[in-house]
There are 2 protein chains.
Amino acid sequence: MPRLNDREIETYTTFACRLVELAGRAILPHFRETLTVENKAVSGDGYDPVTVADRAAEQAIRDEIARAYPRHGIRGEEYGSHRGPEALTWVIDPIDGTRAFVIGLLHWGVLIALNDGEHPVVGVMHQPYVGESFVGSRLGAELRRGDATRKLKTRRCAALNDAIVCATDPAMFSAPGERDAFHAITSKARARRYGTDCYAYSLLAAGLADLVIESRLKAYDIQPLIPIIEGAGGVVTNWSGGAADEGGQVIAAGDRALHAAALELLKPAAIT
Amino acid sequence: MPRLNDREIETYTTFACRLVELAGRAILPHFRETLTVENKAVSGDGYDPVTVADRAAEQAIRDEIARAYPRHGIRGEEYGSHRGPEALTWVIDPIDGTRAFVIGLLHWGVLIALNDGEHPVVGVMHQPYVGESFVGSRLGAELRRGDATRKLKTRRCAALNDAIVCATDPAMFSAPGERDAFHAITSKARARRYGTDCYAYSLLAAGLADLVIESRLKAYDIQPLIPIIEGAGGVVTNWSGGAADEGGQVIAAGDRALHAAALELLKPAAIT
């Protein structure tokens, strides 16, 4: 399809921000729910707050897309995919970081991308409890909280031994060679941080971290974060240097020279 | 010294909440500071936002204690300790989770305890960006955010294979046998989560996690969290089952049976 013009990008960015707000409202009653529920015996009867929150959020998003853009496609975590008559498709992860959510931690978020049929062109990450959104497209990237808006820009960091590296959990590196490749990077890096989920990518866009290296991602885990990182001047690929849109093994870097250096160490374990 | 009465506990709890608020105000201008600073070349000239924030926060706390309770002692991370003519001592970690803070992550907090000369009797954990405080004493524990107050209570979880286990980073287990002991627990547990700092203890008090197992803690890392966990019905000890007040190897559990089961696996690596 023809490339979206700037006004269309702006319109869809505004709409994506509306979608994540709706999702956030559906999620918040279930966050740290045991604190508000008198009867804590909620486990064991098949009731799972994060599943309920996940589904309620995705349903709220789908309903709003169907209302506003019935000809667009949808690709969601909970309710599957359908193509629309138009090439534009919304890619949805209603709660990225469900394990963090379950424990009441803060590093999770609602992720939404608009894919133009070839690549994600608008992306939003929203944490409703904290009330902040990381938003990106080729027009730029920003952090929005209340009335404040701050421009996001990745920082320079060309050398691995200056880099701060994030990953959600070392257990994600289970394919042959992955653990060694990740260790080859972290053993040279300045610092390494686990437990980060979508926040690692968002803060890399903010110029606060340098590398995110993960594996076993789904398309909806990464597509919404790509326009944020790229809009802030960073780069996201798979471990072979190709497009990361379908997930799998992913590397994000704020600095292209650092990306190239890290990729050399990851390539021996690259699957695709 | 004689045990503090309930009114004194309440008075000091209110004062501790005032201290963390002051600290939070001193910290916030430095959080994710690169987003507000035009010139990002802040590194390399010896300027370190987290050190500046840490010191500004501890100074704000010390000034207020000196004004209100000049006869109390102070034990802080940045400016050392001094005993007062009274046995009461304030134990301060102005930013617990500095590594998370540096990256712009959210799992960090201001920690303050009041120690009565034998044990911490009041504890507060405050995250100023999120605007929430976990507060505890023998009178109970609660989560405060804005005008909302919710009671904290640990959950039942007697069996290791039902437990969610948290630790800030596996690299903290560097003494002989520590890594094996930690692995003996996580290999049996339902789930394991890294990157948690003071949030793990606070959410254990909230009944959302079951075990926190760490090593190499300082007294000011753990004393403020002890009254929160104990006030919510949990237990905190070192890996030998003794008092955890001086830090080192720490285990916190929401359920006493789980604590006993985990302690059996940790004891072979207990230093004290």
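Residues numbered from 1 in each chain as written. Chains lettered and ligands numbered in written order. Predicted model: local features only at pLDDT ≥ 70, side-chain atom pairs only at ≥ 80, totals over all residues. Heavy atoms only, no water.

We now examine the overall build of chain A. Of the regular secondary structure elements, chain A holds eight helices and 13 strands. What you see for chain A is a C-alpha radius of gyration of 18 Å, in line with the 19 Å of a compact globule of 272 residues. Once the C-alpha set of chain A is aligned to its principal axes, its extents read approximately 50 × 45 × 35 Å. Here chain A holds 272 residues, and the buried ones make up 59% of them. (Helix = DSSP H or I, 4+ residues; strand = E, 2+ residues; numbered from the N terminus. Rg over C-alpha atoms; globule rule 2.2 N^0.38 Å. Buried < 20%, exposed > 50% of the residue type's maximum accessible area, 1.4 Å probe, protein only.)

So, on to the interface of chain B and chain A. Contact with chain B, which involves 42 residues of that partner, is made by 42 residues of chain A. Approximately 3600 Å² of surface area, both sides summed, lies buried where chain B meets chain A, with 59% of it carried by carbon and sulfur atoms. For chain B, the biggest contributors to the area lost against chain A are Leu-35, Ile-103 and Arg-193 of chain B; these three give 21% of the whole. Where chain B touches chain A, the interface holds six salt bridges. In this structure, Asp-197 of chain A and Arg-193 of chain B form a salt bridge, with 2.8 Å as the shortest nitrogen-oxygen distance. If you look at where chain B meets chain A, you find 13 residue pairs in polar contact (both at pLDDT 80 or more). Looking at the side of chain B that touches chain A, the elements with two or more residues in it are helix H3 (98-103), strand E6 (132-137), strand E7 (140-145), strand E8 (148-151), strand E9 (164-167), strand E10 (191-194) and helix H5 (197-205) of chain B. Element by element, the count of residues in the side of chain B that touches chain A is highest for H3 of chain B, at four residues. (Contact = heavy atoms within 4.5 Å. Buried area = accessible area lost by both parts, 1.4 Å probe. Salt bridge = Lys/Arg side-chain N within 4 Å of Asp/Glu carboxyl O. Polar contact = N/O pair within 3.5 Å; in protein donor to acceptor, adjacent residues only side chain to side chain.)

Here we take up the sheet that holds strand E5 (residues 120-127) of chain B. Hydrogen bonds between backbone atoms are what pair the strands of a sheet, whose relative direction is either parallel or antiparallel. All names here are of chain B. Here eight strands make up an open sheet; going across it, the order is E2-E1-E3-E4-E5-E6-E7-E8 and the pairing mixed. Since the sheet does not close on itself, it has two edges, and those belong to strand E2 (80-82) and E8, each with one partner. The mean inter-strand angle of the sheet, taken between neighbouring strand axes irrespective of direction, is 15 degrees. Across three bridges, strand E1 (residues 73-76) lies against E2 in antiparallel orientation. (Pairing = 2+ DSSP bridges. Axes fitted to C-alpha atoms, helices over the stretch in contact; angles between N-to-C directions.)

All names here are of chain A. Taking burial as the measure, the six residues of strand E6 (residues 132-137) include six buried ones, the bulk of the element. Of the two faces of E6, the one carrying Glu-132, Phe-134 and Gly-136 and the one carrying Ser-133, Val-135 and Ser-137 are both buried. Taking the residues between adjacent antiparallel strands as the criterion, strand E5 (residues 120-127) and E6 are bridged by four residues, where Gly-131 takes a positive phi near 80 degrees. In this structure, E6 lies alongside strand E7 (residues 140-145), joined through six bridges in antiparallel fashion. Each bridged residue has a counterpart across the sheet, and for Ser-137 the counterpart in E7 is Gly-140. As consecutive antiparallel partners, E6 and E7 are separated by two residues.

The subject of this paragraph is the nonpolar core. The biggest cluster of nonpolar side chains holds 134 residues, and the ones touching the most others in it are Trp-90, Leu-152 and Tyr-201 of chain A together with Trp-90, Leu-152 and Tyr-201 of chain B. Those residues within four positions of Leu-152 of chain B in sequence are excluded, and the remaining contacts are Leu-35 of chain A together with Phe-134, Ala-141, Glu-142, Leu-143, Ala-205, Ala-206, Ile-228 and Ala-232 of chain B. Val-165 of chain A together with Tyr-194, Ala-253 and Ala-269 of chain B belong to the second-largest nonpolar core, a separate cluster that totals 46 residues. (Core = buried A, V, L, I, M, F, W, Y, C linked by side-chain atoms within 4.5 Å.)

Let's shift gears to the confidence of the model for chain A. Residue and element names in this part refer to chain A. Summary statistics for chain A give a mean pLDDT of 94 and a share of 95% for residues scoring 70 or more. Confidence drops under pLDDT 50 across residues 38-43; counting only partners more than four residues distant or on other chains, this segment forms eight contacts. Note on the complex model: pTM 0.95, ipTM 0.94. (pLDDT = per-residue confidence, 0-100.)

Expressed as a screw operation, the relation of chain B to chain A combines 0.0 Å of axial shift with a rotation of 180 degrees, fitting to an RMSD of 0.0 Å. The transformation just described matches what one would write down for a two-fold rotation axis. Of every C-alpha in chain B, the one belonging to Gly-195 of chain B sits nearest the axis of rotation, 2.3 Å from it. By residue overlap, the copies meet face to face through one surface: 100% of the interface positions of chain B are interface positions in chain A. (Least-squares fit on C-alpha atoms with pLDDT ≥ 70 in both.)

Let us look at the pattern of salt bridges. Once the charged atoms of two side chains with opposite charge are near each other, the side chains can pair. Evaluation of the coordinates by the stated rule reveals 26 salt bridges over all chains. Members of the salt-bridge network, linked through shared partners, are Arg-18, Glu-64 and Arg-67 of chain A.

Attention shifts here to the environment of Leu-160 of chain A. Residues and elements named next belong to chain A. If you trace the backbone, Leu-160 turns up in the loop between strand E8 (148-151) and strand E9 (164-167). On a C-alpha basis, the gap between Leu-160 and His-259 in space is 9.2 Å, while along the polypeptide they are 99 residues apart. Sequence-distant contacts of Leu-160, that is, excluding residues within four places in its chain, are made with Ile-185, Lys-188, Ala-189, Arg-190, Leu-211, Leu-258 and Leu-265.

Residues and elements named next belong to chain A. Taken as a whole, chain A is organised into domain 1 (6-151) and domain 2 (160-269). One C-alpha centre belongs to domain 1, the other to domain 2, and the line joining them spans 22 Å. Contacts between the two partners involve 34 residues from domain 1, matched on the other side by 21 residues from domain 2. When the area that domain 1 buries against domain 2 is broken down by residue, the three leading residues are Arg-75, His-107 and Phe-134, summing to 25%. A salt bridge links Arg-75 to Glu-246; the nearest nitrogen and oxygen atoms lie 2.7 Å apart. Counting across the domain 1 and domain 2 interface gives seven residue pairs in polar contact (both at pLDDT 80 or more). Take the side of domain 1 that touches domain 2: its biggest share by element is seven residues, from E5. Of the residues contributing to the side of domain 1 that touches domain 2, the split by class is 17 nonpolar, eleven polar and six charged. (Domains from an automatic or database assignment. Nonpolar A, V, L, I, M, F, W, Y, C, P; charged D, E, K, R; others polar.)

All names here are of chain B. Of note, Met-125 is situated in strand E5. On the basis of relative accessible area, Met-125 is assigned to the buried category, the value being 0%. Taking the C-alpha atoms as reference points, Met-125 and Leu-225, separated by 100 residues in sequence, lie 7.1 Å from one another. Every residue in contact with Met-125, bar those within four places of it in the chain, is listed here: Gly-109, Val-110, Leu-111, Glu-132, Ser-133, Phe-134, Cys-198, Tyr-199, Ser-202, Leu-225 and Ile-228.

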